[in-house]
Amino acid sequence: MIIYNVTINIEETIHDSWLDWMKNEHIPEMLALGKFSKALMTKVLIEEDMGGVTYSVQYTTDSMETLQKYYDTDAELMRGKSKQFEGKFVAFRTELQVVSEH
């Protein structure tokens, strides 16, 4: 199992509209692609020196091959849908392999 993790720090001035967009539009659209089986959105509780509010969104997929299909066919389009928030957030992405689950 692979987790595609996206960590986002969002400016407080647009936080509420961004959070609504993530929960009601973006995450459902990501799941509708058929490449991820679930998504977990968490709020990072450590305050950043740079300000803003930080979240981690973890999308679960079955394999690196499926994640690569997302990168090849969907990633550019899905990332482009955040244009309305451009310049108001920073994001970085990591790929995680599940070693064990208890």
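The rules behind the values
Residues numbered from 1 in each chain as written. Predicted model: local features only at pLDDT ≥ 70, side-chain atom pairs only at ≥ 80, totals over all residues. Heavy atoms only, no water. Helix = DSSP H or I, 4+ residues; strand = E, 2+ residues; numbered from the N terminus. Rg over C-alpha atoms; globule rule 2.2 N^0.38 Å. Buried < 20%, exposed > 50% of the residue type's maximum accessible area, 1.4 Å probe, protein only. Contact = heavy atoms within 4.5 Å. Areas by Shrake-Rupley, 256 points an atom, 1.4 Å probe, with all protein chains shown as cover. Lys, Arg positive; Asp, Glu negative; His and termini not counted. Charge placed at Lys NZ, Arg CZ, Asp CG, Glu CD. Phe/Tyr/Trp six-rings, centres within 6.5 Å; stacked < 30°, edge-to-face > 60°. Polar contact = N/O pair within 3.5 Å; in protein donor to acceptor, adjacent residues only side chain to side chain.

> What is the right way to look at the overall build of the chain in this model?
Check the secondary structure of the chain and you find three helices and four strands. Helices and strands in the chain line up, N terminus first, as β-α-β-β-α-α-β. Taking 102 residues into account, the globule formula puts the C-alpha radius of gyration at 13 Å, and the chain, at 14 Å, falls close to it. When the 102 residues of the chain are sorted by exposure, 36% land in the buried category. Restricting to contacts in the chain with at least 6 residues of sequence separation, those with at least 24 account for 75%. Carbon and sulfur atoms make up 51% of the accessible area of the chain, which amounts to about 6,600 Å² in all. A gap of 4 Å separates the mean positions of the 10 positive and 17 negative side-chain charges of the chain.

> Please clarify how the packing of aromatic side chains should be interpreted in this entry.
When we look at a pair of aromatic rings, we describe it by the centre distance and by the angle of the planes. This model, assessed by the stated rule, comprises nine aromatic pairs. Ring centres of Trp18 and Tyr55 lie 5.3 Å apart, and the angle between their planes is 45 degrees; on these two criteria the pair is classed as tilted. With a gap of 37 residues between them, Trp18 in helix α1 (residues 15-32) and Tyr55 in strand β3 (residues 53-61) connect regions that are remote in the sequence. For the residue pair Trp18 and Tyr55, the accessibility class agrees, reading buried in each case. Taking 5.3 Å as the distance between ring centres and 70 degrees as the angle between the ring planes, the aromatic pair formed by Phe36 and Tyr70 counts as edge-to-face.

> When you look at the environment of Thr73 in this model, what are you seeing that I'm missing?
You can see Thr73 is positioned in helix α2 (residues 64-73). Residue class for Thr73 comes out exposed when judged on its relative accessible area of 55%. Separated by 41 residues in the primary sequence, Thr73 and Ala32 place their C-alpha atoms 14 Å from one another. Separated by 2.9 Å, the side chains of Thr73 and Asp74 make a polar contact.

> Even after reading the chapter, I still don't get the environment of His26, so can you show me in this structure?
Structurally, the position occupied by His26 is in helix α1. For His26, a relative accessible area of 10% puts it in the buried group. His26 sits 14 residues away from Glu12 along the chain, and the two C-alpha atoms are 19 Å apart. Leaving out residues up to four positions away in the same chain, His26 has contacts with Trp21, Tyr59 and Met78.

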